Amino acid sequence: MATASPSLGPIESVIRSKLLSSLQPAALVIHNDSYQHRHHAPMRAQDGGSGETHFSLEIVSDEFKGKTTMQRHRMIYSLLSEELDQGLHSLSLKTKTRAEAGIDTAST
């Protein structure tokens, strides 16, 4: 189950695409939190404060099985390394397996 924002920006679209194809998540929620940081100098420098720089991600994927929280986060940062190099500034991550999220694995 992937939920979408009403109007996806280009960075959010790329994030969604990469996570869906690489992690095949049972659930994916992406929140663009950039508006909360529009007064910060790096945000003002990027498109006058209207850029996509801060996101919160909630991902449920069995690709996380057997991995520590740090390893899971490194997976995400590796997948999004290009975006991080090009201005994506902050990711808040919540990563779980289907079992940890209480999603029935027998139905798949």
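Data block above holds the structure.
All of these numbers come straight from a predicted model, not from anything done at the bench. (Residues numbered from 1 in each chain as written. Predicted model: local features only at pLDDT ≥ 70, side-chain atom pairs only at ≥ 80, totals over all residues. Heavy atoms only, no water.)

*Asks:* Where do I start with the overall build of the protein in this structure?
*Replies:* Secondary structure summary: the protein contains 5 helices and 3 strands in total. Starting at the N terminus and ending at the C terminus, the protein contains elements arranged as α-β-α-β-α-α-β-α. In the protein, once contacts between residues fewer than 6 apart in sequence are set aside, the share between residues at least 24 apart is 62%. Accessible area of the protein: about 6300 Å², with a carbon and sulfur share of 51%. (Helix = DSSP H or I, 4+ residues; strand = E, 2+ residues; numbered from the N terminus. Contact = heavy atoms within 4.5 Å. Areas by Shrake-Rupley, 256 points an atom, 1.4 Å probe, with all protein chains shown as cover.)

*Asks:* What should I look at first to understand the side chain of Ser 61 in this one?
*Replies:* Inspection of the secondary structure assignment puts Ser 61 in the loop between strand S2 (54-60) and helix H3 (69-79). Looking at Ser 61, its side chain comes within polar contact range of the main-chain nitrogen of Glu 63, at 3.0 Å. Not counting chain neighbours up to four residues away, the residues in contact with Ser 61 comprise Leu 23, Gln 24, Pro 25, Lys 96 and Thr 97. (Polar contact = N/O pair within 3.5 Å; in protein donor to acceptor, adjacent residues only side chain to side chain.)

*Asks:* Got a minute to help me understand helix H1 (residues 10-23) in this structure?
*Replies:* An α-helical turn contains 3.6 residues, so any two residues separated by three or four positions project in the same direction. In this model, H1 (14 residues) spans 20 Å end to end at C-alpha, consistent with the 20 Å of a helix rising 1.5 Å per residue. Among all positions in H1, only Glu 12, Ile 15, Arg 16, Leu 19 and Leu 23 are buried. Mapping the buried residues of H1 onto a view down its axis gives an arc of 95°, with all of them on the same face. Those residues of H1 that are exposed and angled more than 90 degrees off the buried face are Pro 10 and Ser 21. Looking at the packing, one finds that the buried side of H1 touches strand S1 (27-32), S2 and H3. (Expected span 1.5 Å × (residues − 1). Buried < 20%, exposed > 50% of the residue type's maximum accessible area, 1.4 Å probe, protein only. Arc of directions from axis to C-beta.)

*Asks:* Just to check I follow, could you spell out the nonpolar core for this structure?
*Replies:* Proteins that are soluble and globular tend to have nonpolar side chains buried together. By size, the foremost hydrophobic cluster in this structure holds 14 residues, and its most contacted members are Ile 15, Leu 19, Phe 55, Leu 57, Ile 59, Ile 76 and Leu 91. With residues near it in sequence (within four places) discarded, Ile 76 still touches Leu 19, Leu 23, Leu 57, Ile 59, Phe 64, Leu 91, Leu 93 and Thr 95. (Core = buried A, V, L, I, M, F, W, Y, C linked by side-chain atoms within 4.5 Å.)

*Asks:* Explanation requested: the environment of Ala 26 in the structure shown.
*Replies:* Tracing the chain through its elements places Ala 26 in the loop between H1 and S1. Between the C-alpha atoms of Ala 26 and Ala 101, which are 75 residues apart in sequence, the distance is 9.7 Å.

*Asks:* Is there a simple way to think about the sheet that holds S2 in this case?
*Replies:* Strand pairing in a sheet is mediated by backbone hydrogen bonds. Such pairs are either parallel or antiparallel. The mixed open sheet is built from 3 strands, whose spatial order is S1-S2-S3. The open sheet is flanked by S1 and strand S3 (90-96), the only strands paired with a single partner. Across the sheet, the mean angle from the axis of one strand to that of its neighbour is 10°, orientation sign disregarded. Here S2 runs beside S3; their pairing, made up of 7 bridges, is parallel. Across the sheet, Phe 55 pairs through a bridge with Leu 91, a residue of S3. Against the sheet, H3 contacts S2 and S3, and its axis sits at roughly 130° relative to S3. (Pairing = 2+ DSSP bridges. Axes fitted to C-alpha atoms, helices over the stretch in contact; angles between N-to-C directions.)

*Asks:* Quick question: what am I supposed to make of the packing of H1 against H3 here?
*Replies:* Packed helix pairs are specified by the crossing angle of their axes together with the interaxial distance, meaning the distance between the axes. At a minimum axis separation of 10 Å, H1 and H3 run at an interaxial angle of 125°. Taken together, H1 and H3 sit at an angle that is classed as oblique. Helix-helix and strand crossings are classified by hand; for H1 and H3 the assignment is right-handed. Residues Lys 18, Leu 19, Ser 22 and Leu 23 of H1 form the contact with H3, whose own contacting residues are Met 75, Ile 76 and Leu 79. (Parallel < 35°, antiparallel > 145°, perpendicular 65-115°, else oblique. Left-handed = near helix turned anticlockwise from the far one by under 90°.)

Such coordinate-based values are descriptive only and should not be taken to indicate function.
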